[in-house]
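Reading the structure
Letter by letter, the chains look like this.
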Amino acid sequence: MTEAWTDQALKALRAACRTADGPSLLALLRTHAPADVLQQCGDALTAAVVRGVPGAGETALACTSTLRERGWRGDEVLAEQLDTVGGGAVCVLRPVPVDLEELSGLLEGDPAWGGGRIDLDTGECWPALADTEESWDEEEPEDAKRWLHVPCEGSRDAYRGMEDFITTLDDQDLARSLGIAIQGPGAFRRFKDMLATSPAQLQRYWLFSAERRCGRARAWLADQGYWPALPGGH
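Since the structure is predicted, the reported quantities are computational estimates derived from the model, not experimental observations.

A separate point is the nonpolar core. As a rule of thumb, nonpolar side chains are buried together in soluble globular proteins. Of all hydrophobic cores here, the largest spans 30 residues; its most connected members are Trp5, Leu13, Leu25, Val37, Cys41, Leu45 and Leu82. Every element with two or more residues in this core is listed here: helix H1 (7-18), helix H2 (22-31), helix H3 (38-50), helix H4 (56-70) and helix H5 (75-86). If you tally residues by element for this core, the top one is H3, at seven residues. Once residues within four sequence positions are removed from consideration, leucine 45 is found in contact with Leu25, Leu26, Ala56, Thr59, Ala60, Cys63 and Leu82. Listed in part, the 16 residues of the second largest apolar core include Leu103, Leu107, Cys214 and Ala217.

In this section: the side chain of arginine 70. Its place among the elements puts arginine 70 in helix H4. In this structure the side chain of arginine 70 is engaged in a polar contact, spanning 2.8 Å, whose partner is the side chain of aspartate 75. Within polar-contact distance, the side chain of arginine 70 engages the side chain of glutamate 211 at 2.9 Å. Every residue in contact with arginine 70, bar those within four places of it in the chain, is listed here: Ala35, Leu38, Gln39, Asp75 and Glu211.

Parameters and conventions
- What you see as residue numbers is a count from 1 along each chain, following the sequence as written.
- The predicted nature of this model means local features are confined to residues of pLDDT at least 70 and side-chain atom pairs, given and counted, to a pLDDT of 80 or more, with totals for whole chains, interfaces and linings taken over all residues.
- Calculated side-chain values reflect all of the structure's heavy atoms, with hydrogen atoms and water omitted.
- The set of buried Ala, Val, Leu, Ile, Met, Phe, Trp, Tyr and Cys residues whose side-chain atoms join them within 4.5 Å is what this entry labels a nonpolar core.
- When a residue's accessible area, from a 1.4 Å probe over protein chains only, is under 20% of the maximum for its type it is buried; when over 50% it is exposed; and in between it is partly exposed.
- Helix and strand definitions here come from DSSP, where helices need a minimum of 4 consecutive H or I residues and strands a minimum of 2 consecutive E residues; each element is numbered from the N-terminal end.
- Here, two residues are considered to be in contact whenever any of their heavy atoms come within 4.5 Å of each other.
- Here a polar contact is recorded for every N or O atom pair within 3.5 Å, except that within protein the pair must consist of a potential hydrogen donor and a potential acceptor, and residues adjacent in sequence are included only if both atoms are side-chain atoms.

Here is the structure:
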């Protein structure tokens, strides 16, 4: 029987991922549902496998099965990554220490303000409006190779995520109300306001949404030839 992901548990998960604390990560995945956070912790799990943390290989193997069964965008990319390191091979994609949530913000932000670039040396995400001559110089070929352009793809996938989440609800009254709420302008705000009447479902949605966003960002990054390695070469 697994525990629900509380704010405290998620905070501990993020800390374990940020510091590449493999034992703490595996402990959390043993006591909570891994499927809720696989895209968010997949690279820390990859690092744990590479470092030979006890139990990491077995956990990764179980997670690859879960990813392939789920089949969301980016899941096969992460499953192949875990398979590769689990077999002792080196990932063919080039590593860049980028935060998938930050990358998602560039990819799926407001079309009027979204998009930007990734600093391939540091993994830092620069929104389009943050670009300056100091941060990126098109006239310097060597410097230009340091940057990866990120287009803004808009909120269509995020909207589809709301539709898909509604189909997971057992509460048909809530599902019906949410279906009405997402019609027309202001859909995201009305959806979240309506879902706030059910804190447990709102928590489920934040996890669901984060998984989908990170998966889409991972898939986009893989299409460019990169994978989101942890900072510091872990």
